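Listed below are the residues making up each chain.
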Amino acid sequence: MATWRLRRAGAALAASSTLAAVLAASSASATDPSAAALEAARQRVARSGATPPLRDAQRAALAGSTPAEPLDVLVVGGGATGCGVALDAATRGLRVGLVEREDFSSGTSSRSTKLIHGGVRYLEKAVFNLDYGQLKLVFHALKERKQVIENAPHLCHALPCMTPCFNWFEVVYYWFGLKLYDLVAGRRLLHLSRYYSVDESVELFPTLAKNGHNCSLKGTVVYYDGQMNDSRLNVGLACTAAVVGAAVLNYAEVVSLIKDESGERIIGARVRDTLSGKEFETFAKVVVNAAGPFCDSVRKMADSTVAPMICPSSGVHIVLPDYYSPEGMGLIVPKTKDGRVVFMLPWLGRTVAGTTDSNTAITMLPEPHEDEIQFILDAISDYLNVQESCISLY
Ligand SMILES: Cc1cc2nc3c(=O)[nH]c(=O)nc-3n(C[C@H](O)[C@H](O)[C@H](O)COP(=O)(O)OP(=O)(O)OC[C@H]3O[C@@H](n4cnc5c(N)ncnc54)[C@H](O)[C@@H]3O)c2cc1C
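Residues numbered from 1 in each chain as written. Predicted model: local features only at pLDDT ≥ 70, side-chain atom pairs only at ≥ 80, totals over all residues. Heavy atoms only, no water.

Under the annotation held in an unreviewed UniProt entry, the protein carries the name Glycerol-3-phosphate dehydrogenase and is attributed to Zea mays. Under the Sequence similarities (unreviewed entry) heading, UniProt states for the protein: "Belongs to the FAD-dependent glycerol-3-phosphate dehydrogenase family." Per its UniProt entry, the protein bears the Cofactor (unreviewed entry) comment "FAD". (UniProt positions renumbered as here; feature names shortened; annotations may be inferred.)

Spelled out as structure tokens, the structure:
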């Protein structure tokens, strides 16, 4: 990932606004073109007043590519994946273009649970299934969690999450499990997990029920994961990629792919500027399909006979008033009636709770169903001293 590349070169990403700024100095080997490109990227971002070029300039850079002088990479989709790919490629010195048919992060990437998981659930699987692959995932997720928080401290932070325990077995189970999570995190630990008594827990989380599941609360175990502003982080990636030299255009939809004379190789795309309605062609050696849930529609532009590879599913979050969760503390429902996890997290002065996982059609704005909303309300109301009938939704 691009952020990790910047880190490896000794650069520290911080930010004054949405645009990430590289502050610390790094040394680049003169013989390593990738390191030299990274150093050049770092200097561009560090320049005072560095801002992305205007939209017209970005559009001109895309439209200016030709079959004889193509871009190295064209990315379709300006979500977290597409913008991450564009930034990574641009910091390697490649000529990069990216087109997003709506605004950056208008798709899945602005509707996540906003957590930067260190992979605590993979750890549970690693232990119980003696699965080294799952353990490797935890190490990787913990590394990325720390890196993202360090790179963008204005958009990401450590968030304590409370796990309520209604019997002593749960207290022991979660305490040991989360201590193991701390241990595996090692120097990437955000803060140590710990047990809180019932009174301490209710003081920290005033809406927490002292009685539930036909038994009384025995305490809680609080551990730390990361929380991020997903959409701003995504826009930060897009802006940083643009400052580094990528031509990054929103409101620009790929309407068809262009192939070479043999009809075998994709050499570019026809793009509609959805603000002006005008179309233009852009050419690239490689086209990356980062269209998220819509990636089958882009694949079909290349070959109308391909079988779909996406099984779409939707996840619903509900937004509750702020008093459901204290400002700096989340709550995790570790096992819902059907064995899922539901989070209740503070978010921009409100509380976000979710999520579900149901089959859906692929649309830009999937509608939440009544039963999905009820599922989340049922899951959290068992843990709260707020009556469900009083729960108000935004
Ligand atoms: C309910 C839910 C909760 C989640 N919670 C978390 C979480 O807490 N933490 C976490 O790390 N991850 C979470 N994720 C996962 C994360 O949100 C996704 O992995 C990520 O957002 C995917 O990004 P993307 O760029 O691949 O897709 P998207 O963000 O959907 O981006 C694809 C983009 O492609 C564009 N596009 C499509 N077709 C075209 C075209 N023809 N031309 C141009 N552009 C096009 C779309 O407009 C869209 O903006 C969650 C996911 C879900 C569904």
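A. Representation of the sheet that holds strand β12 (residues 252-259). Taken in spatial order, the 6 strands line up as β11-β4-β3-β14-β13-β12 in an open sheet, and their pairing is mixed. At either end of the open sheet lies a strand with only one pairing partner, and these are β11 (247-249) and β12. The sheet shows a mean angle of 35° between the axes of neighbouring strands, direction not considered. Pairing of strand β4 (residues 96-99) with β11, which is carried by 3 bridges, proceeds in the parallel orientation. Note that in β11 the partner of Val99 across the bridge is Leu249. Along the sheet face, helix α3 (residues 55-63) touches β3 (71-76), β4, β11, β13 (266-273) and β14 (279-289) and points at about 115° away from the line of β11. (Pairing = 2+ DSSP bridges. Helix = DSSP H or I, 4+ residues; strand = E, 2+ residues; numbered from the N terminus. Axes fitted to C-alpha atoms, helices over the stretch in contact; angles between N-to-C directions. Contact = heavy atoms within 4.5 Å.)

B. Just the packing of aromatic side chains, in detail. Scanning all chains against the criterion turns up 7 aromatic pairs. Centre to centre, the rings of Phe166 and Tyr383 are 5.7 Å apart; their planes meet at 65°, and the pair counts as edge-to-face. Here Phe166, found in the loop between β6 (156-165) and α7 (168-185), pairs with Tyr383, found in the segment after α11 (370-381); they are 217 residues apart in sequence, far enough to count as distant. The residues Phe166 and Tyr383 share a single accessibility class, namely buried. Put simply, the rings of Phe128, Phe169, Tyr173 and Tyr174 pair up and form one aromatic cluster. For Arg101, the ring lying beneath its charged end belongs to Phe294, and the centroid distance is 4.3 Å. Sitting over the ring of Phe375, Arg340 keeps its end group 4.6 Å from the ring centre. (Phe/Tyr/Trp six-rings, centres within 6.5 Å; stacked < 30°, edge-to-face > 60°. Buried < 20%, exposed > 50% of the residue type's maximum accessible area, 1.4 Å probe, protein only. Lys NZ or Arg CZ within 6 Å of the ring centre and 35° of its normal.)

C. Quick peek at the site of the ligand. For the ligand, the set of nearby residues contains 30 residues, the closest of which are Thr81, Glu100, Thr108, Ser109 and Leu115. Contacts to the ligand include Thr108, whose side-chain N or O atom sits 2.7 Å from an oxygen atom. Residue Lys114 places a main-chain N or O atom 3.3 Å away from an oxygen atom belonging to the ligand. Coverage of the ligand by the protein amounts to 79% of the 1,000 Å² it exposes when considered alone. Breaking the shell around the ligand down by element, the ones donating at least two residues are α4 (80-91) and β12. Among the elements that take part in the shell around the ligand, β12 stands out by supplying 3 residues, more than any other. Considered class by class, the residues forming the shell around the ligand number 12 nonpolar, 14 polar and 4 charged. There are two domains that each give the shell around the ligand at least three residues, and those are domain 1 (2-110 + 231-302) and domain 2 (311-394). (Near = heavy atom within 4 Å. Polar contact = N/O pair within 3.5 Å; in protein donor to acceptor, adjacent residues only side chain to side chain. Areas by Shrake-Rupley, 256 points an atom, 1.4 Å probe, with all protein chains shown as cover. Nonpolar A, V, L, I, M, F, W, Y, C, P; charged D, E, K, R; others polar. Domains from an automatic or database assignment.)

D. Spatial organisation of the environment of Val316. As for its position among the elements, Val316 is in the loop between β15 (313-314) and β16 (317-320). Since its relative accessible area comes to 7%, Val316 is described here as buried. Setting aside its immediate chain neighbours within four residues, Val316 contacts Ala353, Gly354, Thr355, Thr356, Pro368, Glu372 and Ile376.

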